[in-house]
Amino acid sequence: MTSSAASMPFIKNLASSDRKIRTAALDSLKGFLTAKYAASTNVPLTFHDAQKLWAGLFYALWMADRAPAQQRLCDELAGLPKAVKLPDAAVAAWLRAFWATMAREWTTGIDVLRMEKFMLLVRRVLGAQIAWMAGEETKEKQQTTADKKTSNKSKTSSKTAADSAARTLGLEILAQWPLNVDGEAEVEPAPSASGEGDEGDEEVSERPRKKSRKAVPTMHIPVGLTMHVVDIWVDEAEKQGLLATSESSEEQSVVDTSSLAYAMNELVVKLAAKTTAPAVRQRSREALTDDRLPWNRSAAEGQADGDGDDDKGDKANGDWDGFTD
C-alpha cells in the first residue's frame with residue numbers, strides 16, 4: 001500500500017457491498033476532506049489524489065442498488081466540495097478528476113444496467129459545477145423585480161463574480177474534458193515515486209539542459225459522455241436560474257454576452273464547428289436551437305413581431321383574410 005493509500009484507508013471501503021460500510025466510509029471521506037483540504041488548511045488537493053478518491057467513489061456508486069439510495073449517493077457526491085468548503089483550486093482538481101474518471105470508465109467500466117445511475121451522477125456533478133461557476137450571478141438572476149434597487153447596489157460584486165476564478169476554472173475544465181473538440185484530453189503526468197531526481201536537478205540547475213520531447217499523455221473522451229453533457233447542460237443552467245430574462249421588452253432583446261450561460265453556449269458552438277464526431281456535431285447543433293436559451297427566444301419573438309407587421313400590411317392593402325367566425 002502506498003503512502004497516499006495509507007492516508008486514505010476508507011477508499012477501499014467505499015466499494016464495499018455492505019451499505020453500512022459504504023455509508024461510514026463516505027462520512028470518513030467528508031471528515032478527511034474537511035481536515036486536510038478545506039480552505040482553512042491551505043493544503044492543495046492534487047489531481048492524482050482526487051483521482052484516487054474518485055476511483056473509490058465510482059465503485060461506491062457502482063455497488064449501490066435501489067433507485068432511492070443511488071439518487072441520494074449521487075446528490076451527496078456532487079455536493080461534497082460545497083459541504084466541506086473546498087477552495088476553488090481544490091474544487092477544480094476534484095472536478096478534473098471526476099471527468100477523467102468518467103472518461104476512463106464510461107465505455108469499459110459501466111455496463112448497460114448501471115449506465116442510468118452514472119448518467120444521473122454526471123447530471124448532478126455538472127449541476128453542482130455550474131452552481132459553483134455561477135456564484136453570485138445565480139443570486140442576481142433570481143432576484144425579483146421588487147428587489148431591483150438592491151440588485152443595482154450589488155452589480156459590482158456580480159461583475160466580480162462573473163470574472164471569478166471559479167468561472168474561469170470551470171469553463172476550462174468543461175473545454176478540456178466533456179466538451180473537448182478533439183475528443184482527447186491532456187492529462188497531468190503522475191508524479192514519480194521518489195523525489196531523488198528532482199533534488200539532482202536542483203543541484204545542476206545552472207547547467208544547460210536538453211529540451212524534453214516526451215509526449216504529453218492524453219485520455220480519450222467517449223462520444224457518449226460528450227453527448228450526454230451536451231443534452232443536459234441547458235437543463236442544469238435553467239435550474240440555476242441562468243436563463244431567466246428581464247420582464248422589460250427592451251432588456252429581453254439584448255443578449256448578455258458576459259453571462260455564464262452565454263460562455264457555456266460558446267463552448268457548444270465551438271464543439272459543433274470543430275468536432276470530428278458526426279453524432280456530437282449533430283447533437284450540438286440541436287442543443288444550440290433550444291428555445292429556453294435567451295438569445296433563441298429573442299430571435300423567435302423578433303421573427304413573430306415581423307410576421308405580425310406583414311399581416312397588418314396585408315390588411316391595409318385590402319387583402320382578403322377569409323370568412324370570420
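Residues numbered from 1 in each chain as written. Predicted model: local features only at pLDDT ≥ 70, side-chain atom pairs only at ≥ 80, totals over all residues. Heavy atoms only, no water.

Going by what an unreviewed UniProt entry lists, the protein chain is known as Ribosomal RNA-processing protein 1 and is assigned to Sporothrix schenckii. According to its UniProt record, the protein chain has this under Subcellular location (unreviewed entry): "Nucleus". UniProt lists a comment for the protein chain under the heading Sequence similarities (unreviewed entry), and it reads "Belongs to the RRP1 family." (UniProt positions renumbered as here; feature names shortened; annotations may be inferred.)

A. Focus on the packing of aromatic side chains. As enumerated under the stated definition, the model contains 9 aromatic pairs in all. Here the aromatic rings of F58 and Y59 are separated by 5.0 Å at their centres, their planes lie at 90°, and the arrangement is edge-to-face. The class for Y59 is partly exposed, based on a relative accessible area of 36%. One residue, R114, lies across the ring of W62, its end atom 3.5 Å from the ring centre. (Phe/Tyr/Trp six-rings, centres within 6.5 Å; stacked < 30°, edge-to-face > 60°. Buried < 20%, exposed > 50% of the residue type's maximum accessible area, 1.4 Å probe, protein only. Lys NZ or Arg CZ within 6 Å of the ring centre and 35° of its normal.)

B. Main features of the environment of G135. Its location among the elements puts G135 in the loop between α8 (115-134) and α9 (136-141). Linking G135 and S164, residues 29 residues apart in sequence, is a C-alpha distance of 8.5 Å. (Helix = DSSP H or I, 4+ residues; strand = E, 2+ residues; numbered from the N terminus.)

C. Quick peek at helix α16 (residues 260-274). Taking 1.5 Å as the rise per residue, α16 with 15 residues should run 21 Å; its terminal C-alpha atoms sit 21 Å apart, in good agreement. The set of residues buried in α16 consists of L260, A261, A263, M264, N265, L267, V268, L271 and A272. (Expected span 1.5 Å × (residues − 1).)

D. Focus on the pattern of salt bridges. In total, this model carries 11 salt bridges according to the counting rule given. Residues R292 and D235 are paired through a salt bridge, measuring 2.7 Å at the closest nitrogen-oxygen approach. Placement of R292 in the loop between α17 (278-288) and α18 (294-316) and of D235 in helix α14 (residues 223-239) is noted, with a sequence separation of 57 residues between them. Judged by relative accessible area, R292 falls into the partly exposed class, the value being 25%. As a salt-bridge pair, R292 and E238 come within 3.0 Å of each other at their nearest N and O atoms. Separated by 54 residues along the polypeptide, R292 in the loop between α17 and α18 and E238 in helix α14 bring together distant segments of the chain. Residue E238 is classed as partly exposed on the basis of its relative accessible area of 40%. One continuous salt-bridge network, built from bridges that share partners, spans R123, D235, E236, E238, K239, D290 and R292. (Salt bridge = Lys/Arg side-chain N within 4 Å of Asp/Glu carboxyl O.)

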